[in-house]
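# Remarks on the overall topology
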Amino acid sequence: MNSLTLPTVTTPPAPGNAGLPIAAVERETGLGKDTLRVWERRYRFPTPSRDSSGDRLYSLEQVQQLKLISRLLDSGLRPGKVVGLGQAALQDLLTQHAPVSAVILSKTIMDDAGADPLIEALLHAIGTHDPRALRHSLSHAQLRMGLAPFVTDLVAPLTTAVGEAWAQGRFEVFEEHLYTEVITGVLRHAIASLTPQPVPQGPKVLLTTVPQEQHSLGLLMVEALLALEGCTCVSLGTQTPLTDIAQAALAHRADVVALSFSNLHKAAVVQTSLRELRAQLPATTALWVGGACTALHQWPLPGISAVQHLSGLQPLVAQWRHAH
């Protein structure tokens, strides 16, 4: 539940296609359909074409600009300052407003003396399309470091670095996908290799994300750390409707529901979703949330525990066990 900001990705259209429909652009960027239409009128951007039915189609170049704009809005900039700027100007602004730690770890300044050599090497393996070297380096690091430090000290900052490199145009979608696929395999293997507890310990944690949240690496990192603590984990993957989350929590007799939110979500949507889910869950079922979404930490909600960093998981587990 660290600051995991890997972008969601929609498969690009085949050659000859005019672009992406507005629903796909909404999923890609986190920008609502109404927002896109308002910007089109107010700022004359984006400028979608139309298909034979009159529906909007957005070029991949405009979608890329909208992704950068979305990230800048999350950094606190106002639409009037960024909507309609070209990719180069948007990337310059993103570099200025990106978190310091993410910039240090990104490919933009890999030659910086302060950059982590291992992360540099892993980014190089991704950029040179060498999955074998990437998998070997990650697996070796996991065995050498141990699972907990591997997740908190390497995977979390590396994931941030990959996300920043992608947003700034240093990585392509398929390169980000390569990383996601390889690190998912490494983490799942590491979790499966853990020695089972002789007696299952609580809490039993149900892991998932809400609809429109496609990021899965955050959940997997959390699962790894909770498994090390002896917790029983049930993962539903991503994008589970709220009613189904509540039903699954009852069916699995979960003690805790844990959700991850990226920075694509608007504060009002996050708060509404969490209030609805909290109301549907039994009072005895804890609700833990975390991720890069600032709304989780700026406006805490009653009955919900927000974790800003992966290091906050162990105290939550200890607190739950003490209370039970």
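Only a predicted model underlies this, so the values are computations on that prediction, with no experimental measurement involved.

## Describing the overall build of the protein chain
A count of helices and strands for the protein chain gives 15 helices and eight strands. Burial status across the protein chain gives 48% buried among its 324 residues. The contacts of the protein chain with a sequence gap of at least 6 include a subset with a gap of at least 24, amounting to 69%. In the structure as shown, the protein chain presents an accessible area of about 15,200 Å², 52% of it carried by carbon and sulfur atoms.

## Here we look at the pattern of salt bridges
For the coordinates displayed, the defined rule picks out three salt bridges. One salt bridge connects Lys-67 with Glu-28, and the closest N-O pair in it is separated by 2.4 Å. With Lys-67 in helix H3 (residues 60-74) and Glu-28 in helix H1 (residues 22-29), this residue pair connects regions lying 39 residues apart in the sequence. Take Lys-67 and Glu-28: they sit in the same class, and that class is buried. Across the pair Asp-34 and Arg-37 runs a salt bridge whose closest N-O atoms are separated by 3.1 Å. Here Asp-34 pairs with Arg-37, and both are found in helix H2 (residues 33-42), just three residues apart, close to one helical turn. Relative accessible area serves as the criterion here: at 56%, Asp-34 is assigned to the exposed category.

## What about the packing of H1 against H2?
Between H1 and H2, the shortest axis-to-axis distance is 9 Å and the interhelical angle comes to 105°. Our classification of the angle between H1 and H2 gives roughly perpendicular. Between H1, through Ile-22, Ala-23, Val-25 and Glu-26, and H2, the contact on the second element is made entirely by Lys-33, Leu-36 and Arg-37. Residue composition of the contact of H1 with H2, by class: four nonpolar, no polar and three charged.

## Let's talk about the pairing of strand E4 (residues 201-208)
Note that E4 and strand E5 (residues 231-235) share five bridges and pair parallel. Looking at E5, one finds that Val-205 is bridged to Cys-233. Of the crossover connections in this fold, the one passing from E4 over helix H11 (residues 217-228) to the parallel E5 is right-handed.

## A word on the environment of Gln-201
Considering the arrangement of structural elements, one finds Gln-201 in strand E4. Under the relative-accessibility criterion, Gln-201 is labelled partly exposed at 32%. For the pair Gln-201 and Cys-231, spaced 30 residues apart in sequence, the C-alpha separation works out to 5.6 Å.

## Section: H1
An α-helix turns once every 3.6 residues. As a result, residues three or four positions apart point the same way. Along H1, the residues that are buried comprise Ile-22, Ala-24, Val-25, Glu-28 and Thr-29. The buried residues of H1 occupy an angular sector of 155° when the element is viewed end-on, so they sit on one face. Elements in contact with the buried residues of H1: strand E1 (20-21), H2, strand E3 (56-58) and H3. Two residues or fewer past H1, Gly-30 is found with a positive phi of approximately 80°.

## A look at the nonpolar core
Within the largest apolar cluster, 48 residues are counted, with the highest numbers of intra-cluster contacts made by Leu-138, Phe-150, Val-151, Ile-183, Leu-187 and Leu-226. Put simply, the parts of the chain that give this core at least two residues each are helix H7 (117-127), helix H8 (131-145), helix H9 (147-167), helix H10 (173-192), E4, H11, strand E6 (256-261) and helix H15 (313-323). If sequence neighbours within four positions are ignored, Leu-187 has contacts with Leu-147, Phe-150, Val-151, Val-155, Leu-220 and Met-221. Formed by 23 residues, the second largest nonpolar core is a distinct cluster that contains Leu-259, Val-270, Leu-277 and Leu-301.

## Examining the sheet that holds E6
On the basis of which strands lie adjacent, the open sheet formed by five strands has the order E5-E4-E6-E7-E8 and parallel pairing. Two strands in the sheet have a free side with no partner beyond their single neighbour: E5 and strand E8 (305-307). Strand-to-strand twist of the sheet, defined as the mean angle between neighbouring strand axes without regard to direction, takes the value 25°.

## Some details on the confidence of the model for the protein chain
Taken over all residues, the pLDDT of the protein chain has a mean of 84, while the share at 70 or more is 87%. At the level of individual helices and strands, the protein chain shows its lowest average pLDDT in helix H6 (residues 100-105), which scores 33, and its highest in helix H12 (residues 242-251), which scores 96. Here residues 1-16 is a poorly scored stretch, pLDDT under 50, and it has 62 contacts once near neighbours within four places are set aside; other chains count. In the predicted structure, residues 99-114 sits below a pLDDT of 50 and forms 31 contacts with residues beyond four places in sequence or in another chain.

## Focus: the packing of H7 against H8
Two numbers describe how H7 lies on H8: the axes approach to 9 Å, and their chain directions differ by 150°. Regarding the angle of H7 to H8, the classification is roughly antiparallel. Here Leu-118, Leu-122, Ala-125 and Ile-126 of H7 lie close against H8, whose contacting residues are Leu-134, Ser-137, Leu-138, Ala-141 and Arg-144. Of the residues in the contact of H7 with H8, the class split is seven nonpolar, one polar and one charged.

What counts as what
Residues numbered from 1 in each chain as written. Predicted model: local features only at pLDDT ≥ 70, side-chain atom pairs only at ≥ 80, totals over all residues. Heavy atoms only, no water. Helix = DSSP H or I, 4+ residues; strand = E, 2+ residues; numbered from the N terminus. Buried < 20%, exposed > 50% of the residue type's maximum accessible area, 1.4 Å probe, protein only. Contact = heavy atoms within 4.5 Å. Areas by Shrake-Rupley, 256 points an atom, 1.4 Å probe, with all protein chains shown as cover. Salt bridge = Lys/Arg side-chain N within 4 Å of Asp/Glu carboxyl O. Axes fitted to C-alpha atoms, helices over the stretch in contact; angles between N-to-C directions. Parallel < 35°, antiparallel > 145°, perpendicular 65-115°, else oblique. Nonpolar A, V, L, I, M, F, W, Y, C, P; charged D, E, K, R; others polar. Pairing = 2+ DSSP bridges. Right-handed = clockwise from strand over helix to strand, strands pointing away. Arc of directions from axis to C-beta. Core = buried A, V, L, I, M, F, W, Y, C linked by side-chain atoms within 4.5 Å. pLDDT = per-residue confidence, 0-100.

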